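# Survey of secondary and tertiary structure
Letter by letter, the chains look like this.
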Amino acid sequence: MCLLLGAAGVGKTLLVKRLQQLSSRDAQGGLGEPPPTRPTVGTDLTDIVAGRKITIRELGGCMGPIWPSYYGNCRSLLFVMDASSPTQLSASCALLLGLLSAEQLAEASVLILFNKIDLPCYMTMEEMKSLIRLPDIVACAKQRITTAEISARKGTGLAGVLRWLQDTHKTNS
């Protein structure tokens, strides 16, 4: 099981829809226009194929207080941050620190996704890493942490996310 988490409005729903599109077609042709989305209230389960079937459980950003009840059986974690919203960084960082300190997630692999790099006001990955002191977070975390810049809207970087999922879920848990 892969958990897809992040603050409200960071693009989790569009990301999972785009990953599903990308995994269900061959590499030819673009993703086309982004599908319509609405905020996730509750939880959504989506199966994608990245070498094997992987179930992604997306939890709405407003459900942060009950996220821990979904940590069991989590093999990987996609954590999405909005690269275009400096004001949301501190809230996202607090959520991330809570996830990384959760004992049930100690063995999970973590991919932090800096989304919305297609917007003109986005911060670079280096700026984001510096602002949230990511090197310090990684040094103290029990989990293996990877980062990537993506645009769920345009599809930029999503093939790399699928590869990460495939590598992380290679063997049965």
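Preceding this section is the structure that the text describes.
A brief look at the structure comes next.

What counts and what doesn't
Residues numbered from 1 in each chain as written. Predicted model: local features only at pLDDT ≥ 70, side-chain atom pairs only at ≥ 80, totals over all residues. Heavy atoms only, no water. Helix = DSSP H or I, 4+ residues; strand = E, 2+ residues; numbered from the N terminus. Rg over C-alpha atoms; globule rule 2.2 N^0.38 Å. Buried < 20%, exposed > 50% of the residue type's maximum accessible area, 1.4 Å probe, protein only. Pairing = 2+ DSSP bridges.

### Remarks on the overall build of the protein chain
Of the regular secondary structure elements, the protein chain holds 5 helices and 6 strands. Secondary structure elements of the protein chain occur, N-terminal to C-terminal, as β-α-β-β-β-α-β-α-α-β-α. Its C-alpha atoms give the protein chain a radius of gyration of 15 Å, within 12% of the compact-globule value 16 Å for 173 residues. Dimensions of the protein chain, computed from C-alpha atoms along their principal axes, come out at roughly 40 × 40 × 30 Å. Taken across its 173 residues, the protein chain has 50% of its residues classed as buried.

### Structural notes on the environment of proline 36
When you line up the elements, proline 36 lands in the loop between helix H1 (12–23) and strand E2 (43–49). Classification of proline 36 by relative accessible area gives exposed; the value is 71%.

### A few points about the pairing of E2
In the sheet, E2 pairs with strand E3 (residues 53–59) via 7 bridges, with the strands oriented antiparallel. Residue pairing across strands places threonine 46 opposite isoleucine 56, the latter belonging to E3. In sequence, E2 turns back onto E3 through a hairpin of 3 residues, with glycine 51 there showing a positive phi of about 85°.

By themselves these figures say nothing about function.
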